[in-house]
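Letter by letter, the chains look like this.
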Amino acid sequence: MGEEKNNVLAGVQEHIKKVCDSLGMEPAVYEILKEPLRFYEVTFPVKMDDGTIRMVKGYRSQHNDALGPAKGGVRFHPGVYADEVKALSAWMTIKCAIANLPYGGGKGGVVIDTRELSEGELERVSRGYIRAIAPYIGPLVDIPAPDMGTNPKVMGWMVDEYCKQVGYHAPGVITGKPIIVGGSLGRGPATGRGIMLTFKRFAQAEGFDPKGMRVAIQGFGNVGRSAALHLHELGCKVVAISDISGTVYNSKGLDVPALAKYAEKNPDNLKDAPGEHEVSADTRYALEVDADAIFPCALENQITEENAPRIKAKYVIEGANGPTTTAADQILQERGIKVVPDVLANTGGVTVSYFEWVQNLQNYYWTEEEINEKLEINMNKAFDDLYAMHKKHNVDMRTAAYMVAIDKLARAMKARGWF
Ligand code: GLU
């Protein structure tokens, strides 16, 4: 991952600074928001199947907690680095503020390639990480969740390990858990559902019909797959999907349910999926195909100075965190391509995490219909606030998003007497 080039922390700091300046904030606001309030680096031993001990590095960043306890996922990836985790935690602060959730921003990372691990090793890494950070997290302190490379099964081990450490049931310490141990109905597909809801609201605001729109999706993991299925259900024509193995393409529309079913059993191998489509080895091809809207739902830094000039779509809806570099953002703006930013479009996941946490704290559980209804109400309100700011100040939607969030954060920090 480009640790030097496109350092994502510098990117998020730049956005925060620009918006603090344009809002005429006191200098303290940027000073507080530019770095996490707390950042933990841990190294813990994991017993491998062959009996050897491997030291594994992990991070947990608590960027800001003026609006509530830190909240955010844990990423398992061999390329995870400290500044990336800090940036991701800052994004969580912004996201939770935009989504009107009573949370600050947090994020965790473990430097590990899960594809190299057996099931038992993965469990020991998950438990080892939680043991290492247990003193710093808690249902009212910092609440981890899934992110890239982690899933409900990992969350199940993590919540169990935390409860063993503290000696009582505390399901609210982790969200994205399996349903049977306090997970919420609707959490699995929530990020993808939220991406579709944002697109629907965006279409309404801009005055176009999403039905029949040609859309392309980069990423076919939990988020990309759910986004593709929900967009397909909305009536969009999904013409291209990329994953780490390549891109499948059909200008008449792909068979999304069949591809999703295939990918569930055969992750990261879209290029070999059966069906009537062309295949390209290019993992970013979905971003460049002839489509009306593209949905980057994979890693950060996917739309760069290099490929931004070739994008044909009119709209970019960011499902991933930080998929567009600052330089590419500029190019897209100059080319009149509208970007619906990550800090709005992918808040469906953390919003249903919030519902999960509320259910855990009150020990009373809602139906999937109730969850989906609350999600739509919440996402529409976040969209409308941001869109109003975008129109009122005639700024791009990313700037508008940061304006909404930083205004809220500054008021909370002021009320707490932080500056
Ligand atoms: N990792 C997800 C995100 O980046 C979800 C976080 C959460 O549910 O707390 O938004």
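This structure is a prediction, so every number in the text was calculated from the model and none was measured.

1. Let's talk about the overall build of the protein
In terms of regular secondary structure, the protein is built from 13 helices and 12 strands. Relative to the compact-globule value of 22 Å for 419 residues, the protein shows a C-alpha radius of gyration of 20 Å, a close match. When the backbone C-alpha atoms are referred to their principal axes, the protein occupies close to 55 × 55 × 45 Å. Excluding contacts between residues fewer than 6 apart, the proportion of contacts in the protein whose partners are at least 24 apart in sequence is 69%. Just so you have it, the protein exposes about 16,800 Å², and 51% of that area is on carbon and sulfur atoms.

2. Points about the pairing of strand β8 (residues 246-249)
Taken residue by residue, a regular strand's side chains alternate between the two faces of the sheet. Residues G246 and V248 line one face of β8 and the alternating positions T247 and Y249 line the opposite face, and both faces are buried. Where strand β7 (residues 237-243) and β8 come together, 4 bridges link them in antiparallel fashion. Looking at β8, one finds that A240 is bridged to Y249. Counted between consecutive antiparallel strands, the loop separating β7 from β8 contains 2 residues. Where β8 lies against strand β9 (residues 278-280), 3 bridges are found, and the strand directions are antiparallel. Residue pairing in the sheet places Y249 in a bridge with E278 of β9.

3. Let's talk about the site of the ligand
Around the ligand sit 14 residues, and of these K71, K95, P146, D147 and S353 come closest. Within the contact set of the ligand, a nitrogen atom lies 2.7 Å away from a side-chain nitrogen or oxygen of D147. Here R187 contributes a side-chain N or O atom positioned 3.0 Å from an oxygen atom of the ligand. Burial of the ligand by the protein chains amounts to 94% of its free accessible area of 300 Å². Every element with two or more residues in the shell around the ligand is listed here: β3 (70-77), α3 (82-98), β5 (142-146) and α11 (348-362). Class assignment of the residues belonging to the shell around the ligand gives a composition of 4 nonpolar, 5 polar and 5 charged.

4. Observations concerning the sheet that holds strand β4 (residues 104-111)
Across the sheet, 5 strands lie side by side as β1-β2-β4-β3-β5; this open sheet has mixed pairing. At either margin of the open sheet sits one strand with a lone partner, and together these are β1 (38-47) and β5. Here the average twist between neighbouring strands, direction ignored, is 25 degrees. Two elements, β3 and β4, share 6 bridges in a ladder whose sense is parallel. The partner of K71 across the bridge, within β4, is G105. Together, β1, β2 (53-64), β3 and β4 form the strand contacts of α3, whose direction differs from that of β4 by roughly 150 degrees.

5. Remarks on the nonpolar core
Among the nonpolar cores identified, the biggest contains 89 residues, and F199, F295 and Y402 are the most heavily contacted of them. For this core, the element with the highest residue contribution is helix α13 (residues 397-415), accounting for 12 residues. Not counting chain neighbours up to four residues away, the residues in contact with F295 comprise I195, F199, V215, A216, I217, Q218, L231 and I317. Counting residues in hydrophobic clusters, the runner-up holds 27 residues, among them A134, V159, Y162 and I174.

6. Describing the pattern of salt bridges
If the charged atoms of two oppositely charged side chains come close together, the side chains can form a pair. Evaluation of the coordinates by the stated rule reveals 33 salt bridges. K17 is paired through a salt bridge with D21; the nearest N and O atoms lie 3.1 Å apart. With a gap of 4 residues between them, K17 and D21 both fall in helix α1 (residues 8-22), about one helical turn apart. K17 sits in the partly exposed class, given a relative accessible area of 36%. Overall, D21 belongs to the partly exposed group, its relative accessible area being 48%. One salt bridge connects R75 with E84, and the closest N-O pair in it is separated by 3.0 Å. Classification of R75 by relative accessible area gives buried; the value is 4%. E84 sits in the buried class, given a relative accessible area of 0%. Three or more residues joined by partner-sharing salt bridges are found here, namely E123, R127, R131, D160, E161 and K164.

7. Describing the packing of α1 against α13
Two elements in contact, α1 and α13, have axes whose closest approach is 9 Å; the angle formed by their N-to-C orientations is 70 degrees. Put simply, α1 runs roughly perpendicular to α13. On α13, the residues touching V12, H15, I16, K18, V19 and C20 of α1 are R398, T399, Y402, M403 and I406. Across the contact of α1 with α13, the residue classes break down as 7 nonpolar, 2 polar and 2 charged.

Reading guide: rules and limits
- Residue numbers here run from 1 along each chain, matching the order of that chain's written sequence.
- Local features in this predicted model are restricted to residues of pLDDT 70 or higher, and side-chain atom pairs are both shown and tallied only at a pLDDT of 80 or more, whereas totals for entire chains, interfaces and linings draw on every residue.
- Only hydrogens and water are set aside when side-chain values are computed; all heavy atoms of the structure are taken into account.
- Numbered from the N terminus, helices here are DSSP runs of H or I no shorter than four residues, and strands are runs of E no shorter than two.
- For the radius of gyration, the atoms used are the C-alpha atoms, and the globule rule reads 2.2 Å times the number of residues raised to 0.38.
- The contact definition used throughout considers only heavy atoms, calling two residues in contact when any of these lie within 4.5 Å.
- Computed with the Shrake-Rupley method and a 1.4 Å probe, the accessible areas treat only the protein chains shown as cover for residues.
- For every residue, the accessible area obtained with a 1.4 Å probe (protein chains only) is divided by the maximum for its type, and the residue is called buried under 20%, exposed over 50%, and partly exposed between those limits.
- The pairing criterion for strands is at least two bridges between them, as found by DSSP.
- To be near a molecule or strand, a residue needs just one of its heavy atoms within 4 Å of it.
- We call two N or O atoms a polar contact when they sit within 3.5 Å, provided that within protein one can donate a hydrogen and the other can accept it, with sequence-adjacent residues counted only if both atoms are side-chain atoms.
- Charged means Asp, Glu, Lys or Arg here, nonpolar means Ala, Val, Leu, Ile, Met, Phe, Trp, Tyr, Cys or Pro, and polar covers whatever is left, Gly included.
- Angles shown run from 0 to 180 degrees and are taken between the N-to-C directions of axes, each axis being a line fitted to C-alpha atoms and, for helices, limited to the stretch in contact.
- In this description, a nonpolar core means a group of buried Ala, Val, Leu, Ile, Met, Phe, Trp, Tyr and Cys residues linked to one another through side-chain atoms lying within 4.5 Å.
- Here a salt bridge means any side-chain nitrogen of Lys or Arg lying within 4 Å of a carboxyl oxygen belonging to Asp or Glu.
- Note on angle classes: values under 35 degrees are labelled roughly parallel, values over 145 roughly antiparallel, values of 65 to 115 roughly perpendicular, and the remainder oblique.

The analysis is restricted to geometry; functional conclusions fall outside its scope.
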